[in-house]
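Each chain is listed here by its residues.
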Amino acid sequence: MDKLTREQVMHVAYLARINLEEDDIEKYRVQLKKLIDDIDKIKDIKNYDEEFLISPIEHNTNLREDVVGQMLDYKEVIKNAPNSNGNFVEVPVMINE
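Just so it is clear, the structure is predicted and the values come from calculations on it, not from any experiment. (Residues numbered from 1 in each chain as written. Predicted model: local features only at pLDDT ≥ 70, side-chain atom pairs only at ≥ 80, totals over all residues. Heavy atoms only, no water.)

Re the pattern of salt bridges
Then, number 1: Counted according to the given criterion, the structure contains six salt bridges.
Then, number 2: Residue lysine 33 pairs with aspartate 37 through a salt bridge whose shortest N-O separation is 2.7 Å. Of this pair, lysine 33 and aspartate 37 both sit in helix H2 (residues 22-43), four residues apart, which is roughly one turn of the helix.
Then, number 3: What makes lysine 33 buried here is its relative accessible area of 14%.
Then, number 4: The partner of aspartate 38 in a salt bridge is lysine 34, and the shortest N-O contact between them spans 3.2 Å. Here aspartate 38 and its partner lysine 34 are both found in helix H2, four residues apart, which amounts to about one turn of the helix.
Then, number 5: We classify aspartate 38 as partly exposed; its relative accessible area is 29%.
Then, number 6: A relative accessible area of 53% places lysine 34 in the exposed class. (Salt bridge = Lys/Arg side-chain N within 4 Å of Asp/Glu carboxyl O. Helix = DSSP H or I, 4+ residues; strand = E, 2+ residues; numbered from the N terminus. Buried < 20%, exposed > 50% of the residue type's maximum accessible area, 1.4 Å probe, protein only.)

What follows is the structure, encoded as structure tokens:
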């Protein structure tokens, strides 16, 4: 993209819900053009789409396999709860009304 038009800048401002003054349009046109140029430079990097670098350090985290276990009996759960009401665990109210 060689140049951003005034209409394109106004469209971006509309999408961002920004009211631009006439004096600001040129300033933002230049800034948006620089941002788009910088993004294009990143896209030009070899193998950009192949693999992303999440961390500069390789992490060898050993994760355990998920194993389906036996369901807890609700009577045992309720028995260990500090407060209960029938088959439900009572917890303090966190929302002020």
